[in-house]
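Architecture and fold: a report
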Amino acid sequence: MCGEPTKTNELRILGGTVLKGFTKVTDSDLLERLEESARENVLQADLRIQGIHDFGALKSRGFGRPTLPAHGELFFDSRPMTLARWPKCG
Amino acid sequence: MRVIGKHIQDFPRETGTDDGHGTNIGSLEGGFFYESDRPARWKSKENIWIHGYWAYDWANSYERIAELDVTRRFIRTAEPYGNYGFNKKQRFYFLNILEELDEPGEWYVDKKAGILYFWPPSPIESGEALFSLLEQPLVTLKDASHVTMRGIVFEGTRGNAFEINGGEGNRIAGCLVCNIGDWAVMISGGKNHGVQSCDIFDTGDGGVSLEGGDRQTLTPGGHYVENCHFARLGRWSKCYVPRRLHDWRWLARVEQSNS
């Protein structure tokens, strides 16, 4: 957990880490698994070299389930991103 | 063409029972059949999850797939399986699949390699990518009194943002609490604690839970929520978590609702 001032000098208390070191995907086996339209656009970041070893785990959540910590989630520009899914809506 | 949800096509005949309301539903342990060949494209079948409203539209859950048979188009989930049973035509979707990372804003972690894949919705250098880690509350106040937290951003965590137990007169004021894995604020016991003029966005479970007072003597707890803006709560637990509250004062307890 770390606190840092924002552009407006507000104090931010974060329960996560700001990721760095995004690069294009070059592994050919991995590119093969992606849709053609995604290959140029998907980036990758090595979490372990940034000190992240606990990626969290998805859990059975929802109606009648206990409250459990979420898995590690990605937020970009302070909005939740979408864990890759199919279909996209519904 | 966008596909809107998938549907439970059927369940093994021998697992069907009457749900007590005249509908034949399949047992949770028995799994269900789906209607697409798309999962056959997925190279890894490990740690794929499904979200669905398995029997009724008011009870959702996320479940891990224990068995995915792409030939029979059959899914068996891991315990606790789902809710009530599998009802034909109920909707669900698959998540946590690398091959389906094909739109801006989607991401996936290969846990073995320790690599996160992400298609940023705008150039990566234009924004901040934050990965949540902490499973304990960002702030815990236990039997503490007269603490005010004002004008602070609390953001990006796996658990609750605030847990306040016991004590008196603590206040969260003018704060932004967002991108929280569970609840923004859990207040239990004590008296006169409150959340005032805060923005509370994008929580995984509910927004603010207040519990206090004494039912036997009808003594009010005095906890309050006032002048707050709530949006996009219940990202993960979509049913029966309080989603929108504005000015609620002098409550003994906020009952959970689906509204």
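Residues numbered from 1 in each chain as written. Chains lettered and ligands numbered in written order. Predicted model: local features only at pLDDT ≥ 70, side-chain atom pairs only at ≥ 80, totals over all residues.

Time to look at the overall build of chain B. When its secondary structure is counted, chain B shows zero helices and 24 strands. Viewed in the frame of its principal axes, chain B has a C-alpha envelope of about 60 × 55 × 30 Å. Residues counted as buried form 44% of the 259 residues belonging to chain B. Of all intrachain contacts in chain B linking residues separated by at least 6 positions in sequence, the fraction that spans at least 24 positions is 51%. (Helix = DSSP H or I, 4+ residues; strand = E, 2+ residues; numbered from the N terminus. Buried ≥ 20, exposed ≤ 12 C-beta atoms within 10 Å, placed from the backbone. Contact = placed C-beta atoms within 7 Å.)

On the side of chain B, 75 residues touch chain A, which itself brings 58 residues to the contact. For the side of chain A that touches chain B, the secondary-structure elements that each account for two or more residues are strand E2 (11-14), strand E3 (16-18), helix H2 (36-39), strand E5 (43-46), strand E6 (74-76), strand E8 (82-83) and strand E9 (85-86) of chain A. Its residues assigned to classes, the side of chain A that touches chain B shows 29 nonpolar, 16 polar and 13 charged. Note that E3 of chain A and strand E11 (residues 129-132) of chain B share three bridges and pair antiparallel. If you follow Thr-17 of chain A over to E11 of chain B, its bridge partner there is Phe-131 of chain B. (Nonpolar A, V, L, I, M, F, W, Y, C, P; charged D, E, K, R; others polar. Pairing = 2+ DSSP bridges.)

Taken together, the five strands give an open sheet; going across it, the order is E4(A)-E5(A)-E10(B)-E9(B)-E8(A), and neighbouring strands pair in mixed fashion. At either end of the open sheet lies a strand with only one pairing partner, and these are strand E4 (23-24) and E8 of chain A. One ladder, built from four bridges, connects strand E9 (residues 106-110) of chain B with strand E10 (residues 115-118) of chain B; its direction is antiparallel. Note on E10 of chain B: the bridge partner recorded for Trp-107 of chain B is Phe-118 of chain B.

Right, let's talk about the pairing of strand E17 (residues 176-180) of chain B for a bit. All names here are of chain B. In terms of burial, E17 is largely enclosed, as four of its five residues are buried. For strand E14 (residues 152-157) and E17, the ladder comprises four bridges, and the chain directions are parallel. Bridge pairing in E17 places Phe-154 opposite Val-177. Where E17 lies against strand E20 (residues 199-203), four bridges are found, and the strand directions are parallel. Bridge pairing in E20 places Leu-176 opposite Asp-199.

Let us look at the sheet that holds strand E21 (residues 208-211) of chain B. Residues and elements named next belong to chain B. Taken in spatial order, the four strands make up an open sheet running E12-E15-E18-E21, and their pairing is parallel. Looking at which strands have only one partner, the edges of the open sheet turn out to be strand E12 (139-142) and E21. Here the average twist between neighbouring strands, direction ignored, is 5 degrees. In this structure, E12 lies alongside strand E15 (residues 162-165), joined through four bridges in parallel fashion. If you follow Thr-140 over to E15, its bridge partner there is Glu-163. (Axes fitted to C-alpha atoms, helices over the stretch in contact; angles between N-to-C directions.)

Let us now look at the environment of Asp-37 of chain B. As for its placement among the helices and strands, Asp-37 of chain B is situated in the loop between strand E4 (32-33) and strand E5 (49-52). C-alpha separation for the pair Asp-37 of chain B and Asp-69 of chain B, spaced 32 residues apart in sequence, amounts to 11 Å.

Once that is clear, we can look at unusual backbone geometry. Here the bond from Trp-86 of chain A into Pro-87 of chain A is cis, since omega is -10 degrees, no more than 30 degrees from zero. Of note, the bond from Glu-79 of chain B into Pro-80 of chain B is cis; its omega dihedral lies within 30 degrees of zero at 5 degrees. Mapping Pro-80 of chain B onto the fold places it in the loop between strand E7 (74-77) and strand E8 (91-95). Of note, Arg-73 of chain B is a non-glycine position whose phi angle comes to about 55 degrees, a positive value. With respect to the secondary-structure elements, Arg-73 of chain B resides in the loop between strand E6 (61-69) and E7. For Lys-89 of chain B, which is not glycine, the phi torsion reads 75 degrees and is therefore positive. Residue position: Lys-89 of chain B is located in the loop between E7 and E8.

Regions with low pLDDT carry predicted coordinates that are not meant to be interpreted in detail. Summing up the model confidence of chain B, the mean pLDDT is 89 and the portion of residues at 70 or higher is 90%. We note a pTM of 0.90 for the whole complex and an ipTM of 0.93 for its interfaces. (pLDDT = per-residue confidence, 0-100.)

Now for the environment of Ile-75 of chain B. Residues and elements named next belong to chain B. Structurally, Ile-75 is set in strand E7. By C-beta crowding, Ile-75 is classed as buried, having 24 other C-beta atoms within 10 Å. On a C-alpha basis, the gap between Ile-75 and Gly-156 in space is 33 Å, while along the polypeptide they are 81 residues apart. In this structure, Ile-75 is in contact with Gly-31, Phe-32, Tyr-34, Ile-50, Ile-65, Glu-67 and Leu-68, ignoring residues within four places of it in sequence.

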